[in-house]
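# Tertiary structure, described
So the chains spell out like this:
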Amino acid sequence: MDNIVAYSPFLLKGVGVTIGLSLCSIMVAVLLGLAGAAASMSGNVLAKRAASFYTTVVRGIPDLVFMLLLYNFGQVALNSLGAVTGLWKFVELNQFITGVIVIGVIFGAYMSETFRGAYMAIPRGMIEAGISFGMKRGLLFRRIIWPQLIRYALPGFTNNWLGLMKTTALVSVVGLEDIIHNGYAAGRATREPFTFMMIALVVYLLMTIISDIGLRALQQHYTRGVVRGVLR
């Protein structure tokens, strides 16, 4: 316990980094997911192909490989481009930004499929009814499409969010001082790696439980009036 108390500020700093990384990454993932879903359902052939290429390639690359490629090769590419153009000098990629970009891009591909499936689940008759009432595109989206899109997307979004939080542990390999990195460092310093890895495990478990409770409450809110898929 003495070692845990002594290293608690160090561990809390890691928890804050992990939570911040998760929240920033999910925002990037949602934006990319919405854009990917819109592109895949648009009438533009190039947009459809671009969305298909994005989801296929990103989902086929291991997360760790993608992260190491961006962190190492991306930094080399940026500095080579800066040297050729003369626009900037040496640039060192920030581990936090690298993690946000990589995790956001990876889960943006999964979110794209989640939002696309949710949109396709919306009954066409409701959209047609809104159009027949003279609703403009913005009002139609706010009053009919968006509430149902959230309802159908929430189960998949929950799974993606829980997976995203666990994926943040990979950022420790590039030196980001998250809970895994700091817990491992504290374990080596005190020769108690099991104790501090168990603390990291409990942190992730608590984050998962809290997230699951919150998202289930949100799902219940958006499914009010619906019983087994039938409107009351």
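Presented here is an overview of the structure given in this document. Values in this document were obtained by computation on a predicted structure and should not be read as measured data. (Residues numbered from 1 in each chain as written. Predicted model: local features only at pLDDT ≥ 70, side-chain atom pairs only at ≥ 80, totals over all residues. Heavy atoms only, no water.)

### Some points on the layout of surface pockets
Our working rule: Whether a set of points on the 1 Å grid over the protein atoms alone is a cavity depends on a 1.4 Å probe fitting there but being unable to get out, while an open set qualifies as a pocket with protein on both sides within 12 Å along at least five of seven lines; lining residues are those with an atom within 4 Å of a point. Grid points are joined across faces, edges and corners, and a volume is the space filled by probe spheres set on the points. Under the DSSP-based scheme used, a helix requires at least four consecutive residues in state H or I and a strand at least two consecutive residues in state E, with every element numbered from the N terminus.
Put simply, the largest pocket is a space of about 410 Å³. Among the elements that take part in the lining of the largest pocket, helix α6 (residues 137–167) stands out by supplying six residues, more than any other.

### Comments concerning the environment of serine 22
Note the threshold: We call two residues contacting when some pair of their heavy atoms lies within 4.5 Å. Polar contacts, as used here, are pairs of N or O atoms within 3.5 Å; protein pairs need one atom able to donate a hydrogen and one able to accept it. Residues neighboring in sequence count only if both atoms are side-chain atoms.
Looking at where serine 22 falls in the secondary structure, it is placed in helix α1 (residues 2–40). Here the alpha-carbon distance between serine 22 and proline 147, two residues 125 residues apart in the chain, equals 24 Å. If we ignore the near neighbours within four places in the chain, the residues touching serine 22 are Trp161, Leu164, Met165, Thr168 and Met207. Polar side-chain contacts of serine 22 include one of 2.9 Å to the backbone oxygen of threonine 18.

### Overview of the pattern of salt bridges
How we decide: Whenever Lys or Arg places a side-chain nitrogen within 4 Å of a carboxyl oxygen from Asp or Glu, that contact is recorded as a salt bridge. Between buried and exposed lies partly exposed: a residue is buried under 20% and exposed over 50% of the maximum accessible area for its type, with that area taken using a 1.4 Å probe on protein chains only.
Scanning the model with the defined rule gives three salt bridges in all. Where glutamate 177 meets lysine 13, a salt bridge forms, and the shortest distance between an N and an O atom there is 3.1 Å. Taken together, the residues glutamate 177 in the loop between α6 and α7 (179–190) and lysine 13 in helix α1 connect sequence positions 164 residues apart. A relative accessible area of 48% places lysine 13 in the partly exposed class. The salt bridge partner of arginine 216 is aspartate 212, with a shortest N-O separation of 3.0 Å. Of this pair, arginine 216 and aspartate 212 are both found in helix α8 (residues 193–222), four residues apart, which corresponds to roughly one turn of the helix.

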